[in-house]
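Summary of structural features
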Amino acid sequence: MSTDAVAIIGFAALFLLMLLRVPVGMAMGLVGVAGFSYLVNGDAALKIIGHASMRTVTDYTFGVIPMFLLMGAFVSNSGMSRELFRAANAFLGHLRGGLGIATIAACAGFAAISGSSVATAATFSTVAYPEMRRFNYPQSFATGVIAAGGTLGAMLPPSTVLAVYGIITEQDIGKLFIAGILPGALAAVMYITTVSIIGFARPGFLPSVPKAPWSERLSAVRDIWATLLLFCFVIGGLYGGLFTPTEAGGMGAGGAFLIGVLRGRLGRQELALINI
């Protein structure tokens, strides 16, 4: 069988496996190993699997991913995500669909210090969803806003997706992070614009909440100092050349841990709940 025929059969098998709900990564691995085994030999394919797996888990560069995920876990369990949502809600919640707008804004802020879409969506499912449902926001709208806001973690630095892409393609991760700022900010603005349009087009669909007094707004702003400090420390140090992306992940995780402990937000109970 020619290599072209093997490639066509491989693509067909890949799509068939995905239609059968096999995870994409597993489907690609199975098709790739099977095709390589047919074209070369099975022993070589198995050796490549072993070498590639070992090279991946021992690659220093890949340490950036668990470090940023750990930083996001510390941030979430120390209550910084709730502070972000509270601050956004204090300034935007009174608008038509304001809780949805506040959720997008808070998701963008959390994504900028966690780098994970999954962590962002999971965190605000527990932070923003109950609040939106308490004010009678439709369930479909609440879950849709959180899902959309979660995608910002894949674009805004320090995105783990961009980190993986940079490692695989051997590109500068710092430059990829910089390149993700504008698309991520644009996506956040478009999400907020969409929520605003829905609120004006269907006034009865999205309720508004009472306007927060300035004392509550100022208190909410004071509460997010730790988040701003951590963001400036990690991103500023990365772009300023003080440390590499992998080191930035470690410094960010360490900084989030110290801030949480010093503020009394990360004790044994909170640390036990961390699951990366």
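Residues numbered from 1 in each chain as written. Predicted model: local features only at pLDDT ≥ 70, side-chain atom pairs only at ≥ 80, totals over all residues. Heavy atoms only, no water.

Considering the packing of helix α6 (residues 98-114) against helix α9 (residues 139-150)
It is the contact of α6 with α9, at a shortest axis distance of 9 Å, that shows an interaxial angle of 25 degrees. Viewed along their axes, α6 and α9 adopt a mutual orientation that is roughly parallel. Handedness of the crossing formed by α6 with α9: right-handed. Residues G100, T103, I104 and C107 of α6 touch α9, and the partners they reach there are F141, V145, I146, G149 and G150. (Axes fitted to C-alpha atoms, helices over the stretch in contact; angles between N-to-C directions. Helix = DSSP H or I, 4+ residues; strand = E, 2+ residues; numbered from the N terminus. Parallel < 35°, antiparallel > 145°, perpendicular 65-115°, else oblique. Left-handed = near helix turned anticlockwise from the far one by under 90°. Contact = heavy atoms within 4.5 Å.)

Considering a nonpolar patch on the surface
On the surface, M1, I9, F36, Y38, L39 and V40 cluster together into a nonpolar patch covering about 600 Å² of accessible area. For the nonpolar patch, the element with the most residues is helix α2 (residues 24-39), which contributes 3 residues. Topologically, Y38 is positioned in helix α2. (Patch = residues over 30% accessible without salt bridge, like charges linked within 9 Å, V, L, I, M, F, W, Y side chains within 5 Å. Areas by Shrake-Rupley, 256 points an atom, 1.4 Å probe, with all protein chains shown as cover. Salt bridge = Lys/Arg side-chain N within 4 Å of Asp/Glu carboxyl O.)

Topic: the side chain of T160
As for its placement among the helices and strands, T160 is situated in helix α10 (residues 160-169). Residue T160 is classed as buried on the basis of its relative accessible area, which comes to 12%. With residues near it in sequence (within four places) discarded, T160 still touches I65, F68, L69, G115 and S116. (Buried < 20%, exposed > 50% of the residue type's maximum accessible area, 1.4 Å probe, protein only.)

Structural notes on the confidence of the model for the protein chain
Predicted coordinates in areas of low pLDDT are best not read in detail. Residues with a pLDDT of 70 or more make up 90% of the protein chain, whose mean pLDDT is 81. Within the protein chain, α9 carries the highest mean pLDDT (90), whereas helix α3 (residues 42-57) carries the lowest (65). (pLDDT = per-residue confidence, 0-100.)

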